[in-house]
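Descriptive structure summary
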Amino acid sequence: MKVLITGASSGMGRDMAKYLSSFDYKLILVSKDKKNLDKIFKDDKNVIATYGYNLIKEEDCIELYNKVKDENIDILINNAGFGDAGKFTETSLDKEMDMIDLNIKAYHILTKLFLKDFTKRNYGRILNVASMAGLMPGPYMATYYATKNYIVSLSLAIYEDNSNVKISIFCPGPVDTNFNNVADVKFNISSLTSDYASKIAIDGMFKNKLIIVPPNMKLNRFLIKIVPSKIILDINSQIQEKRKSKEEN
């Protein structure tokens, strides 16, 4: 079986690829940094192709699809993405537009194009990497949380309106990846290792789980369902303010 993974040169994308390779899945890997991608996977015989595309650009998303559409890919894993932290009035608009293009538009384009192919063939899987952030609003990370809310909502809808393709959404809490450096954020709760989180995501996908939540986040998911939104907002706001205070001291 063939798997396409975006954001595969680091973090969960890299570790999901290595985990799938251990089961002899054939891998088509995508990253903006193709040189680093090739270096990481130079000895992996299950990697059949690597591509260097900047998926912030719509045209690169389309070109990627056109390059691989005849490969009969069985699984699409949308993983590429980044975040940012700070008050909404103070964060960079340019960075936020890039975030929306990568975290939303790239997912949307690739999900739509591959889903159409999978539906015609009557099989396939799509794993969209979202976040616990996709299940609630997030003060001081407003745009990032909003992008992940979009991915959760989109994935739930397409799960319901098709019957042939398996859809899964991975919603972890903090994971120890380069995401934290790009977002300029440190979390007060313990982070999962990227390797462990990746295994949870892949195992959950093959168990046909719709929303995949790591064990350490299941209570949080339950509380999100029953606690009023204003209280969730206040809790998230306090967490971010404590984080900022610690960084400044």
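All of the points below concern the structure found in this document. Fair warning: this is a prediction, and the values are worked out from it, not measured in the lab. (Residues numbered from 1 in each chain as written. Predicted model: local features only at pLDDT ≥ 70, side-chain atom pairs only at ≥ 80, totals over all residues. Heavy atoms only, no water.)

**Some points on a nonpolar patch on the surface**
Where nonpolar side chains cluster on the molecular surface, the patch consists of Leu219, Phe222, Leu223 and Ile226 and spans about 400 Å² of accessible area. Structurally, Leu223 can be placed in helix α8 (residues 218-226). (Patch = residues over 30% accessible without salt bridge, like charges linked within 9 Å, V, L, I, M, F, W, Y side chains within 5 Å. Areas by Shrake-Rupley, 256 points an atom, 1.4 Å probe, with all protein chains shown as cover. Salt bridge = Lys/Arg side-chain N within 4 Å of Asp/Glu carboxyl O. Helix = DSSP H or I, 4+ residues; strand = E, 2+ residues; numbered from the N terminus.)

**Focus: the packing of aromatic side chains**
Tallied over the full model, the rule gives six aromatic pairs. Both rings, one in Tyr65 and one in Phe114, keep their centres 5.3 Å apart while their planes meet at 85°; by these two values the pair is edge-to-face. One end of the pair, Tyr65, is in helix α3 (residues 58-68); the other, Phe114, is in helix α4 (residues 93-121), and 49 residues separate them in sequence. The exposure classification of Tyr65 matches that of Phe114, with both residues buried. Plain terms: the ring middles of Phe114 and Phe118 are 6.2 Å apart, the flat faces sit at 50° to each other, and that makes the pair tilted. Here Phe114 pairs with Phe118, and both are found in helix α4, just four residues apart, close to one helical turn. (Phe/Tyr/Trp six-rings, centres within 6.5 Å; stacked < 30°, edge-to-face > 60°. Buried < 20%, exposed > 50% of the residue type's maximum accessible area, 1.4 Å probe, protein only.)

**What about helix α1 (residues 11-21)?**
Counted residue by residue, α1 has nine buried out of 11 residues, so it is predominantly covered. Every buried residue of α1 is accounted for by Gly11, Met12, Gly13, Asp15, Met16, Ala17, Tyr19, Leu20 and Ser21.

**Structural notes on the sheet that holds strand β1 (residues 2-5)**
Strand order in this open sheet of seven strands is β3-β2-β1-β4-β5-β6-β9, and the pairing throughout is parallel. This sheet does not close on itself; its edge strands, each paired only once, are β3 (47-52) and β9 (211-212). Pairing between β1 and strand β4 (residues 75-78): three bridges, direction parallel. Pairing of Leu4 across the sheet is with Leu76, part of β4. In the packing of α3 onto the sheet, the strands contacted are β1, β2 (26-31) and β3, and the crossing angle to β3 comes to about 155°. Across the face of the sheet, helix α5 (residues 142-160) comes into contact with β5 (125-129), β6 (166-170) and β9 while running at roughly 160° to β6. (Pairing = 2+ DSSP bridges. Contact = heavy atoms within 4.5 Å. Axes fitted to C-alpha atoms, helices over the stretch in contact; angles between N-to-C directions.)

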